[in-house]
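Below are the chains, spelled out letter by letter.
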Amino acid sequence: MNFAETDEQKELRKAVKALAESYGRDYMRAEAKAGKHADALWREAGRLGFLGVNLPEEFGGGGAGIYELSLVLEELSAAGCPLLMMVVSPAICGTIIARYGTREQQEQWLPSIADGSKIMAFAITEPDAGSNSHQITTTGQADPEGGYILNGRKVFISGVDNADAIMVVGRTSSAEGYLRPALFIVPTDAPGLQWQPIEMELNATERQFMVFLDDVKLPADAIVGGEDANLAQLFAGLNPERIMVAALSIGIGRYALARATSYMKERTVWGTPIGAHQGLAHPLAAAAIEIELARLMMQKAAWLVDSGDDRAAGEAANMAKYAAAEASVKAVDQSVHSLGGNGLTVEYGLGSLINVARVSRIAPVSREMILNFVAQQTLGLPRSY
Amino acid sequence: MKIVVLVKQVPDSGAERNLRAEDNTVDRASANNVINEMDEYAIEEALRLQEAHGGEVTVLTMGPQRATESIRKALSMGPDGAVHVVDDALSGTDALGTSKVLAKALERLNADVIICGAESTDARGQVLPHMLAERLGVAALTGARKLTVDGSQLTIERQTEEGYEVVTAATPAIVSVWDTINEPRYPSFKGIMAAKKKPVETLSIADLGVDAGEVGWAGAQTTVKEHTKRPPRSAGQKVTDSGEGGVALVDYLSSEKFV
């Protein structure tokens with residue numbers, strides 16, 4: 001067992017940190033406020049190969065793994081620049097296409113996902129199928145003229161307005177009415193595809209959408225991996241998703257702790273910096289411990305994914321997502337509190353993170369669903385539903 | 001075009017730096033050692049020349065074993081290879097001795113253009129480019145904020161306090177650059193991964209035909225006799241504002257001839 005990162009991983013951390021710090025929290029906040037998508041940072045990170053470190057070299061990626069990709073998102077977030085679409089485009093969609101896509105799909109999508117020139121969104125959640133992906137109703141009916149006609153509705157889909165395509169989780173229905181799970185790649189300019197923003201109380205460069213699929217005609221090769229695809233493909237993308245959400249949460253937690261730490265060294269009352277007061281120092285230290293513990297779990301999960309052990313990775317990725325979200329919410333909360341009134345000013349840049357940190361407690365799978373998973377799968381307790 | 005970039009490893013100027021009590025040299029053991037900031041601009045300029053005119057870029061470093069970290073970092077930005085002059089006998093070498101060693105190494109490399117930072121953040125002497133030009137018998141284009149190449153003709157804008165001077169020379173020449181010249185690139189992931197596979201030639205002073213007596217403590221023409229920490233800033237003069245604070249400030253400024 002070895003917890004030391006390689007020289008290359010350390011250099012990657014430094015390079016991503018330097019890039020992200022040249023943009024910083026103020027840039028992200030201004031972009032979000034203007035309804036923009038942090039495109040300049042996204043494109044530069046893509047050009048430097050940071051967005052596609054996990055994808056195969058053969059298709060323009062870096063040939064490394066989810067460990068390296070999560071490291072990139074952690075460092076971006078720790079500099080105040082969480083790029084949420086990294087969770088979706090290279091981590092979920094990129095992983096699935098690299099592992100299960102046809103050669104044509106890999107050649108068409110992976111190079112541009114890797115260099116960030118194209119973004120693929122991911123649509124799983126439905127109004128009547130939140131956490132239960134087995135009850136998905138979006139269906140591609142076999143088209144007598146060939147291909148599929150896709151109908152369905154999706155909610156809380158990130159970044160659709162800035163994406164080139166959406167990977168839609170649905171089912172196919174044969175002429176005989178036989179249903180089987182399938183992942184459809186739907187270009188965002190496909191006729192019959194529409195979306196509406198959901199107004200959120202979030203300072204983010206990605207917006208959330210309701211997506212409507214009304215008789216969207218798709219060619220037969222729109223299904224990832226072709227006709228014989230199965231649900232294993234979907235799960236190949238969900239472990240990286242949870243790990244990346246953990247990375248984003250941990251990065252935000254680190255960002256908040258750093259802001260609070262620097263404030264607590266400078267701000268002086270009664271002749272001492274407030275950081276010397278244990279009423280503030282101890283809760284911040286505890287938050288730092290929890291962030292580091294969650295980070296270890298995230299790294300273990302990423303290591304398991306990269307070693308090919310999907311089953312073990314599933315448990316670790318869920319635990320990491322849970323731990324990271326909890327640690328991040330606490331770290332942000334305590335950091336805001338450490339700054340007193342300044343914690344909620346725009347100038348100090350922490351207040352807007354309160355809601356951002358909470359997102360990971362709910363998405364992509366809620367805290368309670370992870371507890372259910374651990375109760376049943378890890379502890380072997382009976383199901384409640 | 002054959003381009004050589006001089007890269008020096010220095011203690012991070014963003015952190016506390018110290019001289020060692022026993023020999024007045026830079027304490028490298030306790031410092032976070034990084035590439036001299038100005039050298040990153042030199043690397044960037046070399047890579048831009050290469051992209052525009054072809055050829056190859058070689059990094060040249062003189063320094064202890066641990067300087068390999070900085071060499072790898074430099075290579076991750078894109079240069080093709082590096083030469084590392086490393087020798088225990090070099091400990092204590094002054095600027096004159098350093099220029100002697102680097103000049104010998106440069107003679108082997110046969111560069112058309114040698115690019116370096118205008119100064120290092122540790123010594124800040126700004127003398128090395130001139131010494132190298134003298135030893136090699138090539139032109140010195142120093143303090144550049146802009147460099148253009150037309151065939152074998154190099155033109156720089158030399159940054160001065162008042163503006164800039166246009167200076168030209170034919171290759172081979174040495175160009176030293178300020179941080180106004182460009183914006184250094186970040187290493188890409190491919191660059192980081194490729195860096196460990198790039199050739200790094202290590203040379204001793206014997207390889208360069210330099211005698212141990214000409215360098216190190218024995219060969220140094222200059223010595224640092226003593227050093228002291230910069231004194232903390234004095235308290236200054238406090239003006240208590242009881243309605244006349246503005247007047248007191250103006251009185252002070254005019255007494256110091258600021259207004």
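Thresholds applied
- Residue indices begin from 1 for each chain and proceed along its sequence in written order.
- Labels follow written order: the first chain is A, the first ligand is 1, and so on.
- Predicted model: local features are reported for residues with pLDDT of at least 70 only, side-chain atom pairs are reported and counted for 80 or more only, and whole-chain, interface and lining totals are derived from all residues.
- Water and hydrogen atoms were dropped before computing side-chain values, which therefore reflect all heavy atoms in the structure.
- Strand pairing is assigned whenever DSSP identifies at least 2 bridges connecting the two strands.
- Strands here are runs of E lasting at least two residues and helices are runs of H or I lasting at least four, both read from the DSSP assignment and numbered beginning at the N terminus.
- Grouping buried Ala, Val, Leu, Ile, Met, Phe, Trp, Tyr and Cys residues that are joined through side-chain atoms within 4.5 Å yields what is termed a nonpolar core.
- Throughout this description, buried means an accessible area under 20% of the type-specific maximum (1.4 Å probe, protein chains only), exposed means over 50%, and partly exposed covers the range between.
- Note on contacts: a residue pair qualifies if any of its non-hydrogen atoms lie within 4.5 Å across the two residues.
- Ring pairs are drawn from Phe, Tyr and Trp, using the six-membered ring of Trp, whenever the two centres fall within 6.5 Å, and their geometry is named by plane angle: stacked under 30 degrees, edge-to-face over 60, tilted for the rest.
- Here a helix's expected span is defined as the number of its residues, less one, multiplied by 1.5 Å.
- Under this scheme, a helix contributes an axis fitted over its contacting stretch, all axes are lines through C-alpha atoms, and angles between N-to-C directions fall in the 0 to 180 degree range.
- Reported orientations rely on four angle classes, namely roughly parallel under 35 degrees, roughly antiparallel over 145, roughly perpendicular from 65 to 115, and oblique for the rest.
- Helix crossings fall into two classes, left-handed where the near helix is turned counterclockwise from the far one by less than a right angle and right-handed where it is turned clockwise.
- Throughout, the ten residues Ala, Val, Leu, Ile, Met, Phe, Trp, Tyr, Cys and Pro are labelled nonpolar, Asp, Glu, Lys and Arg are labelled charged, and all others, Gly among them, are labelled polar.
- Joining two parts hides part of their accessible area as seen by a 1.4 Å probe, and the buried area is that hidden amount summed over both.
- When a carboxyl oxygen of Asp or Glu lies within 4 Å of a side-chain nitrogen of Lys or Arg, that pair is called a salt bridge.
- Under the rule applied, a polar contact is a pair of N or O atoms within 3.5 Å (in protein, one hydrogen donor and one hydrogen acceptor; residues adjacent in sequence only if both atoms are side-chain atoms).

I'm lost on the pairing of strand β3 (residues 148–158) of chain A in this one. Help?
Consecutive side chains of a regular strand alternate in pointing toward one face of the sheet and then the other. Residue and element names in this part refer to chain A. Relative to β3, strand β2 (residues 139–142) runs antiparallel, the two sharing four bridges. By the bridge assignment for β3, Q141 is matched with I149. Bridge analysis of β3 against strand β7 (residues 208–218) gives eight bridges, and the strand direction is antiparallel. The residue bridging I157 from the neighbouring strand is F209, located in β7.

Is there a simple way to think about the nonpolar core in this case?
A general tendency of soluble globular proteins is for nonpolar side chains to be buried together. The biggest cluster of nonpolar side chains holds 120 residues, and the ones touching the most others in it are A:F50, A:M86, A:F122 and A:V186. It is helix α6 (residues 231–266) of chain A that provides the largest number of residues to this core, a total of 16 residues. Setting aside chain neighbours within four positions, we find A:M86 in contact with A:W42, A:F50, A:L51, A:L69, A:V72, A:L73, A:L76, A:A91 and A:M244. B:L47, B:V59, B:A74 and B:A144 belong to the second-largest nonpolar core, a separate cluster that totals 32 residues.

Please clarify how the packing of aromatic side chains should be interpreted in this entry.
How two aromatic rings sit relative to each other is set out by the distance from centre to centre and by the angle between their planes. Residues and elements named next belong to chain A. Under the defined criterion, the tally for this structure stands at three aromatic pairs over all chains. Ring centres 6.0 Å apart and planes at 70° place the aromatic pair Y148 and F184 in the edge-to-face group. Highlighted residues: Y148 in strand β3 and F184 in strand β5 (residues 179–187), separated in sequence by 36 residues. Y148 gets classed as buried once you look at its relative accessible area, which sits at 8%.

Would you explain helix α5 (residues 103–114) of chain A in this entry?
Side chains three or four residues apart in an α-helix point the same way, a direct result of the helix having 3.6 residues per turn. Residue and element names in this part refer to chain A. Between the first and last C-alpha of α5 there are 16 Å, a value that for twelve residues agrees with the 16 Å anticipated at 1.5 Å per step. Inspection of α5 places Q105, Q106, W109, L110, S112, I113 and A114 among the buried residues, and these make up the whole buried set. Those residues of α5 hidden inside the fold are in contact with α2 (39–47), α4 (85–100), β1 (120–123), β4 (165–173) and β5. Phi turns positive one or two residues past the end of α5, at G116, with a value near 80°.

I'm lost on the side chain of A:Q299 in this one. Help?
All names here are of chain A. Residue position: Q299 is located in helix α7 (residues 278–307). Owing to a relative accessible area of 16%, Q299 belongs among the buried residues under this scheme. Among all residues touching Q299, those that are not within four sequence positions of it are E5, R13 and Y67.

I would appreciate a short explanation of the pairing of strand β8 (residues 153–159) of chain B in the present structure.
Residues and elements named next belong to chain B. As defined by bridge partners, strand β7 (residues 139–150) adjoins β8 across six bridges and the pair is classed as antiparallel. Residue A144 lies in a different strand from β8, and its bridge partner there is R158. Where β8 lies against strand β9 (residues 164–170), seven bridges are found, and the strand directions are antiparallel. In the sheet register, E157 faces β9, and the bridge partner there is V166. Two successive antiparallel strands, β8 and β9, enclose a turn made up of four residues.

Help me understand the packing of helix α8 (residues 310–338) of chain A against helix α9 (residues 353–362) of chain A, please; the structure alone is not making it clear to me.
Angle between the axes and distance between the axes: these two values describe a pair of packed helices. All names here are of chain A. Relative to each other, α8 and α9 sit at 165°, their axes nearing to 8 Å. By the angle class used here, α8 and α9 are roughly antiparallel. Helix-helix and strand crossings are classified by hand; for α8 and α9 the assignment is left-handed. Every residue of α9 that contacts α8 at K321, A325, E326, S328, V329, V332 and V336 is listed here: L353, I354, A357, R358, S360 and R361. Partitioned by chemical class, the residues of the contact of α8 with α9 number seven nonpolar, two polar and four charged.

Honestly, the interface of chain A and chain B in this entry has me stumped. Any pointers?
Buried accessible area, meaning the area lost when the parts come together, often serves as the stated size of an interface. Chain A puts 16 residues into the contact, and the matching count from chain B is nine residues. With both sides pooled, the region where chain A packs onto chain B buries about 1100 Å², and carbon together with sulfur makes up 69% of that total. A per-residue breakdown of the area chain A buries against chain B is headed by A:E8, A:E11 and A:L48, which together make up 48% of the total. Where chain A touches chain B, the interface holds one salt bridge. Seen at the junction of chain A and chain B, the total is five residue pairs in polar contact (both at pLDDT 80 or more). The greatest single-element share of the side of chain A that touches chain B, amounting to seven residues, is contributed by helix α1 (residues 7–33) of chain A.

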